[in-house]
Amino acid sequence: MDLSVNLERIKNDIHELAQIGRCRDDRGIYRMAFTDADMEGKRWLKDRIEHAGLEPRTDGAVNVSAELSGATDQARILVGSHIDTVPCAGALDGTLGVIVALECLRCLREQGVVPERTIELIAFSDEEGRFGGMFGSQAVCGQLNPDVLATLSDLDGVLLGDELRRHGFDPLGALDAARDPETIASYLELHIEQGPVLDRGQKSVGIVDEITGLFTWSVNLKGEANHAGTTPMEMRHDAFMGLADFASAIPRILDENGSARSRATIGKAQILPGAANTVPGIVEFSLDVRDTSPETLADLGNAFRKALSAIARRRNLMFEFQQKSYLPPVAADPAIVKRLLRQAERLELTHLQMHSGAAHDAQIMGSMVPVGMIFVPSKNGQSHSPAEWTSWTDIEAGANLMLHSLMDLANG
Ligand SMILES: [Zn+2]
C-alpha cells in the first residue's frame, strides 16, 4: 500500500496554529512556554487530536500526546517536537514537526493501518527555553528533580512553579512525566533545518546523523582604563586589544583543534568603561563553541583556554572565564539513519546526510533511547523570525518520509 500525507490538512493546521499568539504589528508569533498563548496552542492541538478520532493526553510536564495503538505491546515509537516558540517567531520551528506527526497518525488511522508497535505523537513543553529549555523532553527522560522544579525562573524572575500552578498544574507533577526507557523503541523528529545547507544544495530533505554539542563561556579580560591621549601605546593594558587578538585567533584554533563541523562565536561583548577617549579597562564577552564530537569539544575548550592565557600574558591582562552551559553532542542511531536514507531513496527524494547545528528535543531523548531526525530546508536559512519558511513541496516530501519511516520502524 502506498500511503501519502494530505498536504492540504498540513497547510490548514500550520495556518490555524500560526494565528495563536501572533502579534499584529511585527507579524511574529509569541507562544513562549506556559504563557496564555502557549496554553491556547496546547488546547488547539488537543482539539485537533480529538478531531482526528484520537485521544489527547497531557502529562505532568504538560506535554501533549496521542497514540495510535499498535497490534502488539512491544516498545513504542515516539514522534514529535514542540509548539512553544521564541519571542517573535515564525510559523514552522517545532510546530511543523508536531503537525507532521499528527498528520502521519491521522493518515494511518483513516487508512485503517494497524502498525505492529504503537506510534505516539508528543509535543514537548518549553523546548525554546523560557525556563531553560528542553523542559518537556527532560521530564520524559527523568532528568528533573524537585530542586530544579522549585528554582527554574524566566528572565523576568517569574517562577516556573507559579506559572504551572496558575494553569492548574502541580509543579511536582513534572516528575511523573518520566517514562521507562524500556517502553520506548525510538524517537523520531522532523524539524526545519534552521540553516542554509539544504536550501543552497536544493535538497528536499536532510537526514541527521549527529546533533551538535556546545559549551558557552562568559569571559572577562581585565586591563587598566587610562587616558587615550596621554598613555603611550607600549604602556597600555588594553583589554579590548586582548579580545581583538583572541577573535582573530579563532580560525587558526578551529583549524588546528576542530573539525569541519566546529563552530565558534563571540556573540556578545561589552567594553568598559566604554568611553571613546579612554583605553578600555575591561571587556566581557561570550564564547559559544559547538562540535558533534565530545572529544573535539574538550580539545577546543583547552585550546581556547591556552590562547586566552597567552594573549593575557602578552597584553598584560588578567583573564577569567565561567562555563555557562554544556550540552553533550548526540549521535542519531546508525540503524535509524540507514532506514531513513533507504526510505528517502525509495521515495526518490533529493536528500543529504548532515549534522544538526542547533539543539533539539531529540538531543535529550537521545540520552535515553535511539533517535532519528529529518530536516526540511529553511528558505535562505532563516529561522526564529517571521521570515522563516519552507516550500510546501519540501514539507510534503519531509512528511511523506516521516510517514514511511514510522511504518518501517513500527513494523520492523
Ligand atoms: Zn525547534
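Structure first, text after, so check above.
To keep things clear, this report deals only with the structure shown in the data block. The structure displayed is predicted, hence computed values, not measured ones.

Conventions used here
- Residues numbered from 1 in each chain as written.
- Predicted model: local features only at pLDDT ≥ 70, side-chain atom pairs only at ≥ 80, totals over all residues.
- Heavy atoms only, no water.
- Helix = DSSP H or I, 4+ residues; strand = E, 2+ residues; numbered from the N terminus.
- Contact = heavy atoms within 4.5 Å.
- Buried < 20%, exposed > 50% of the residue type's maximum accessible area, 1.4 Å probe, protein only.
- Core = buried A, V, L, I, M, F, W, Y, C linked by side-chain atoms within 4.5 Å.
- Donors = N, O, S within 2.8 Å, 3.2 Å for Na, K, Ca; no water.
- Phe/Tyr/Trp six-rings, centres within 6.5 Å; stacked < 30°, edge-to-face > 60°.

Mapped onto the elements of the fold, glutamine 343 is located in helix α10 (residues 334–346). The contacts of glutamine 343, once residues within four sequence positions are left out, are Leu401, His404, Ser405 and Asp408.

Glycine aside, residues mostly have negative phi angles, and peptide bonds mostly take the trans form. Between leucine 272 and proline 273 the backbone carries a cis peptide bond, its omega angle lying at 5 degrees. In the Ramachandran plot, valine 62 falls in the positive-phi region, its phi being about 65 degrees despite a non-glycine side chain. Structurally, the position occupied by valine 62 is in the loop between β1 (57–58) and β2 (64–68). Given the relative accessible area of 2%, valine 62 is considered buried. The phi dihedral of asparagine 316 is positive, around 55 degrees, even though this residue is not glycine. By the secondary structure assignment, asparagine 316 is in the loop between α9 (294–314) and β13 (318–327).

It is worth spelling out the nonpolar core at this point. One finds Leu96 and Met402 to be the most contacted residues of the largest nonpolar core, which totals 62 residues. One finds Ala249, Val283, Phe285 and Val289 within the second-largest nonpolar core, a separate group that totals 24 residues.

Turning next to the coordination of the zinc ion. Bound to the zinc ion are the protein donor atoms His82 (NE2), Asp93 (OD) and His191 (NE2), situated 2.1 to 2.2 Å from the metal. Here the donor residues of the zinc ion are spaced in sequence according to H-x10-D-x97-H. Taken together, the positions of histidine 82 in strand β3 (residues 76–82) and histidine 191 in strand β5 (residues 184–192) put the pair 109 residues apart, joining distant regions of the chain. Overall, histidine 82 belongs to the buried group, its relative accessible area being 0%. Taking the relative accessible area as the measure of exposure, histidine 191 reaches 1% and is therefore buried.

To continue, consider the packing of aromatic side chains. If you walk through the whole model with that rule in mind, you get nine aromatic pairs. Between phenylalanine 34 and phenylalanine 135, the aromatic rings sit 6.0 Å apart at their centres with planes inclined by 85 degrees, giving edge-to-face as the arrangement. Residue phenylalanine 34 is found in the loop between α1 (7–18) and α2 (36–51), and its partner phenylalanine 135 is found in helix α4 (residues 135–140); the two are separated by 101 residues along the sequence. Relative accessible area serves as the criterion here: at 2%, phenylalanine 135 is assigned to the buried category. Among the aromatic residues, those joined into a cluster by ring pairs are Phe215, Trp217, Phe319 and Phe321.

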